Amino acid sequence: MDLIEAAKLLIPALIKLPVTSWDGDLRVLEDFEKRFCFLPDRQPLYTAKGLGSFFAKKDGRKIYVSSDAMDTTAIIVKCGGSWVILGPFVCEAWQENSARILLAACKGQESAFLPYKLYRCRLPLLQQEYVVHIAALLLEADGAGSVSYELEAIDMEAQLTAAMDARIAHKHEEIEVVNQRYADEIQLIEAASQGDIVRTLQLFEKFGDEAAIYHFVPDRISDWTASAAITRTEMRLAAVKAGLPPAVIDSISQEYAQQMHYAVDEQRLRDLQRRFIIDLCSCIRKHQKTGYSPYVKRAVEYIDTHISQDITVHTLCELNHVTRKYFAKLFSQETGKTVKQYLMQVRCERAADLLQNSQLLIQEISHYVGYEDNNYFSKIFKATMGVSPLEYRRRKTFYTTP
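Rules and cut-offs
- Residues numbered from 1 in each chain as written.
- Predicted model: local features only at pLDDT ≥ 70, side-chain atom pairs only at ≥ 80, totals over all residues.
- Heavy atoms only, no water.
- Axes fitted to C-alpha atoms, helices over the stretch in contact; angles between N-to-C directions.
- Helix = DSSP H or I, 4+ residues; strand = E, 2+ residues; numbered from the N terminus.
- Left-handed = near helix turned anticlockwise from the far one by under 90°.
- Contact = heavy atoms within 4.5 Å.
- Nonpolar A, V, L, I, M, F, W, Y, C, P; charged D, E, K, R; others polar.
- Buried < 20%, exposed > 50% of the residue type's maximum accessible area, 1.4 Å probe, protein only.
- Arc of directions from axis to C-beta.

Asker: Looking at this structure, I do not really get the packing of helix H4 (residues 96–105) against helix H5 (residues 113–120). What am I missing?
Answerer: Any two packed helices are characterised by the angle at which their axes cross and by the distance between the axes. Orientation of H4 relative to H5, taken along the N-to-C sense of each, is 115°, at an axis distance of 11 Å. Crossing geometry of H4 relative to H5 is assigned as right-handed. The residues of H5 that touch H4, namely those facing Glu96, Ala99, Arg100, Leu102 and Leu103, are Phe113, Tyr116 and Lys117. When the residues that make up the contact of H4 with H5 are grouped by side-chain class, the tally is five nonpolar, no polar and three charged.

Asker: How should the environment of Phe113 be read in this particular structure?
Answerer: Locating Phe113 in the fold gives a position in helix H5. Between the C-alpha atoms of Phe113 and Arg100, which are 13 residues apart in sequence, the distance is 7.1 Å. Apart from residues no more than four positions distant in its own chain, Phe113 is found in contact with Trp94, Glu96, Ala99, Arg100 and Leu103.

Asker: How should helix H15 (residues 313–320) be read in this particular structure?
Answerer: Since there are 3.6 residues in each turn of an α-helix, residues three or four apart along the chain are aligned in direction. Taken together, the buried positions of H15 are Val313, Leu316, Cys317 and Asn320. The buried residues of H15 occupy an angular sector of 100° when projected down its axis, which confines them to one face. Packed against the buried residues of H15 are helix H14 (294–305), helix H16 (324–335) and helix H17 (339–357). Positive phi shows up at His321, right after H15, with a value of about 60°.

Here it is, written out as structure tokens:
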């Protein structure tokens, strides 16, 4: 691994400072602009065009310091034949009064306040001298010894003629995404409090797809660790709502917190979160069964212990000596699912456990959970769990606990 690649890996992991290297690929500059440029006319150096122009004009072993109109800073240095951007970052903690003064000076309005806060508070809080020192270390390592360097402030004049609010209209879309995220979290807590593993996992996967919105560096392990902590908090709230004893909740949460602390990448963290969701939801469901009526409790216990057999509504009605109409209505009211839906969910969950924790053939698992037709089982499993049995096994067993 060369110097720059090592820096790109280690620096964000240690101090959350983004590191971008450029050796001529325009897509890198376009990606930088997309991730870090809040307003192009206030931050010309953060645009692909501005960076390209800067790199074309500058040379030598200097450390360039850029501070822009939006109160962010970036340090730029040429190392190993490539340009390296350390940042952006902020040097002062968020202060509402200072932010409003800045927005007013940039001809902004109050409507720009929240989008700007969302942007600025995602950047790491660091002292400029500290980042300059990192740049100097990169130069020294590149030169295989101590080198002299000089600082040069970058003066790229911001265009302040356009009204800011006209430029941040698209930023309100992000606020709507945040609002939707909170609405989805409420749904996740509600689904988990019902012990609905499938729905809870679906919402969890949706959060994963949207994660890039909330992290400028989505592959940074510290971001994903924080995300895992949020998931654990949401699930604990769901368990409390479901009436699970606090000691039980804490024992499961601490079990996974310990493993998550030592996870080394995003995939491992997400896998642990899925398993945490499944375990806690399963515990919630077992706890809630005690509140079922005798008819429904007898039925779900029969399903759990006879999952390999052909189970029908008629079988469960005979077991309880009640009419089909009465039992179907009662079962749906108490479990929130029809008998068919409940049976499919339990069978797929049992199959998922076997896929993850055994080397059984998919056909053997299909037969064990009550599906003679392997193709039909695969179709049901994908509809319920979101992926095929083969793909589920590949994802879940690639990262296993030692």
